[in-house]
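Each chain is listed here by its residues.
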Amino acid sequence: MHDNIDSKQLAVFIFIAVMALKIFLAPGLLIKYSGRDGWISMLVFVLIELAVLLMLLIIIKLNPEKTLYEILKASLGVIVAKIVLVVLIALLAVKLILMLGELKLFFNTEILKSVDFTFCLIVLLFLLVVFCCKGIRPIGRMAQLFFPFILAALAILFLLTVKNVDLTGLTPIDFDVKEILGTLNKFPLWFGDVSVLMLFIGRVKQGKRFVLKGMAWAAASSVAVMFFAIVLFETYGDYPKIIDYGHNISNMVLYSSGSYLFGRFDIPIFCMWMWSIFIQIIVSFFAISLFTSEVVGRGNVRIYAVITAVIMFILSTFVFDGKTALFELGTSIARWLCLAAEIVLPVTLLVISLVRRGKDEVNSGQENSDN
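Residues numbered from 1 in each chain as written. Predicted model: local features only at pLDDT ≥ 70, side-chain atom pairs only at ≥ 80, totals over all residues. Heavy atoms only, no water.

S.K.: Let's hear about the overall build of the protein: which residues, and what values?
M.R.: Along its length, the protein carries 15 helices and two strands. The contacts in the protein between residues at least 6 apart in sequence include a share of 87% that link residues at least 24 apart. For the protein, the accessible surface area stands at approximately 16,100 Å², while carbon and sulfur atoms represent 67% of it. (Helix = DSSP H or I, 4+ residues; strand = E, 2+ residues; numbered from the N terminus. Contact = heavy atoms within 4.5 Å. Areas by Shrake-Rupley, 256 points an atom, 1.4 Å probe, with all protein chains shown as cover.)

S.K.: So what's going on with the environment of Lys8? Residues and values would help.
M.R.: Structurally, Lys8 can be placed in helix 1 (residues 7–24). Along the backbone, Lys8 and Phe210 are 202 residues apart, and their C-alpha atoms lie at a distance of 9.2 Å.

S.K.: Help me get a handle on a positive patch on the surface, residues and values and all.
M.R.: A surface patch of positive charge is lined by Lys8, Lys208, Arg209 and Lys213. Residue position: Lys213 is located in helix 9 (residues 210–236). Given a relative accessible area of 48%, Lys213 falls into the partly exposed group. (Patch = residues over 30% accessible without salt bridge, like charges linked within 9 Å, V, L, I, M, F, W, Y side chains within 5 Å. Salt bridge = Lys/Arg side-chain N within 4 Å of Asp/Glu carboxyl O. Lys, Arg positive; Asp, Glu negative; His and termini not counted. Charge placed at Lys NZ, Arg CZ, Asp CG, Glu CD. Buried < 20%, exposed > 50% of the residue type's maximum accessible area, 1.4 Å probe, protein only.)

S.K.: A description of the confidence of the model for the protein should follow, citing residues and the corresponding values.
M.R.: Scored by pLDDT, the protein comes out at a mean of 83, with 85% of its residues at no less than 70. Under a pLDDT of 50 for its full length, residues 255–260 has, in the predicted model, 20 contacts with residues more than four places off or in other chains. (pLDDT = per-residue confidence, 0-100.)

S.K.: Outline the packing of aromatic side chains, listing residues and values.
M.R.: The tally for this structure, following the rule as stated, stands at 14 aromatic pairs. Here the aromatic rings of Phe131 and Phe278 are separated by 6.4 Å at their centres, their planes lie at 75 degrees, and the arrangement is edge-to-face. With Phe131 in helix 6 (residues 117–134) and Phe278 in helix 12 (residues 275–296), this residue pair connects regions lying 147 residues apart in the sequence. Per residue, the accessibility class of Phe131 equals that of Phe278, and both read buried. Here the aromatic residues Phe131, Phe146, Phe149, Trp275 and Phe278 are joined through ring pairs into a cluster of three or more. (Phe/Tyr/Trp six-rings, centres within 6.5 Å; stacked < 30°, edge-to-face > 60°.)

S.K.: So what's going on with the nonpolar core? Residues and values would help.
M.R.: For soluble globular proteins, nonpolar side chains are generally found buried alongside one another. Counting 128 residues, the largest nonpolar core has Leu197 and Phe200 as its most contacted members. The element best represented in this core is helix 5 (residues 78–110), accounting for 18 residues. If we ignore the near neighbours within four places in the chain, the residues touching Leu197 are Phe13, Ile14, Ala17, Leu53, Leu56 and Ile60. (Core = buried A, V, L, I, M, F, W, Y, C linked by side-chain atoms within 4.5 Å.)

S.K.: Give a detailed account of the packing of helix 2 (residues 26–34) against helix 8 (residues 177–186), specifying residues and quantitative values.
M.R.: Running from N to C, helix 2 and helix 8 point in directions that differ by 135 degrees, and their axes come no closer than 11 Å. Overall, the two elements helix 2 and helix 8 adopt an arrangement that is oblique. The way helix 2 lies across helix 8 gives a crossing that is right-handed. For the pair formed by helix 2 and helix 8, the contact residues are Leu30, Tyr33 and Ser34 on the first element and Glu179, Gly182, Thr183 and Lys186 on the second. Across the contact of helix 2 with helix 8, the residue classes tally to two nonpolar, three polar and two charged. (Axes fitted to C-alpha atoms, helices over the stretch in contact; angles between N-to-C directions. Parallel < 35°, antiparallel > 145°, perpendicular 65-115°, else oblique. Left-handed = near helix turned anticlockwise from the far one by under 90°. Nonpolar A, V, L, I, M, F, W, Y, C, P; charged D, E, K, R; others polar.)

S.K.: Quick one: what's the story with helix 12, residue by residue and with numbers?
M.R.: In this model, helix 12 (22 residues) spans 32 Å end to end at C-alpha, consistent with the 32 Å of a helix rising 1.5 Å per residue. Positive backbone phi, approximately 80 degrees, marks Gly297, located one or two places after helix 12. (Expected span 1.5 Å × (residues − 1).)

S.K.: Can you tell me about the pattern of salt bridges, naming the residues and giving the values?
M.R.: For the coordinates displayed, the defined rule picks out three salt bridges. The residue Glu294 makes a salt bridge to Arg203 at a minimum N-O spacing of 3.8 Å. With a gap of 91 residues between them, Glu294 in helix 12 and Arg203 in the loop between helix 8 and strand 2 (204–205) connect regions that are remote in the sequence. One network of salt bridges, in which partners are shared, links Lys95, Asp193 and Glu342.

S.K.: Talk me through the packing of helix 7 (residues 136–162) against helix 12; I want residue IDs and the actual numbers.
M.R.: For the pair helix 7 and helix 12, the least separation of the axes is 10 Å and the interaxial angle reads 165 degrees. On the basis of their axis angle, the class for helix 7 and helix 12 is roughly antiparallel. Here the hand of the crossing between helix 7 and helix 12 comes out left-handed. Side by side, helix 7 and helix 12 meet where Ile136, Ile139, Met142, Ala143, Phe146 and Ile150 of the first sit next to Trp275, Ser276, Ile279, Ile282, Val283 and Phe286 of the second. Classifying every residue of the contact of helix 7 with helix 12 gives 11 nonpolar, one polar and no charged.

Laid out in structure tokens, this is it:
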């Protein structure tokens, strides 16, 4: 029996996964690379991700008892299943390094300028190991507990920015296909965060209209992503040098009159919203540890959680410790992992699930006719 979450908790993870890296950093990158019209590329990314999420929800629906590894092992064999998990682990590890690095950039820039982030990283990694030891269900409960605060932070940010939104700042629109394709090729690692939801295949207690409700939450999160992205694009699209890599989230309401009249009260709101990033980090860390234990086939997931924490500390502290290193990682050959893990894998899993479902229905029909 697998450690399960319920469909409401999965909806929380879906909402958070859809917006995790997109609100936090992606808009600033696209502004620097594509200027004002970068929001078009972002919209394409979001639509692709929604299509992938729909496939994943159908896969989860068709496999209520089988995990990702069990599906792959039964259909493609043990060796292929482990190779696929290794690719997925590599992708999640790169995304985790990006998230940890971006947390460091944000807090060192906006809040903890005088505090050594190394200590904070050690504490964070310790907490991640503790959550891994507890299992998936407590993570789901924690996410559900903090979800109202995340929604409240988004609502407040919306109220702070909506009065100053001027869509004329997006005009004239230049739909440059070549530029859009170039952006899709360069920045996929800051999108496709729903791939981590493969962790929950076979681990969800499904409710009524499971797929429909999941897509509704994903759509709501996508709208929030595009709204805040458009705020940045219409304000700073013609002045890309103003945006600083690593903390463009603070620019979201910087031009709001309230921020200047009453101080940077938006910073505590950002910290409250940062729970969404923390939850995404926890899920990614747990997925890496669990998938690693399945690949190795020996030892408890707790052991691999400790190993993952040590590796992440070394990479985040000594290898990818600055803006340039993080950007080079995100735009390196590692981005091609996205094609394998976020497009090819979901399509393959969906085909396998549908074929198996068809065979089961045929066999069931034959048994009924025989009886």
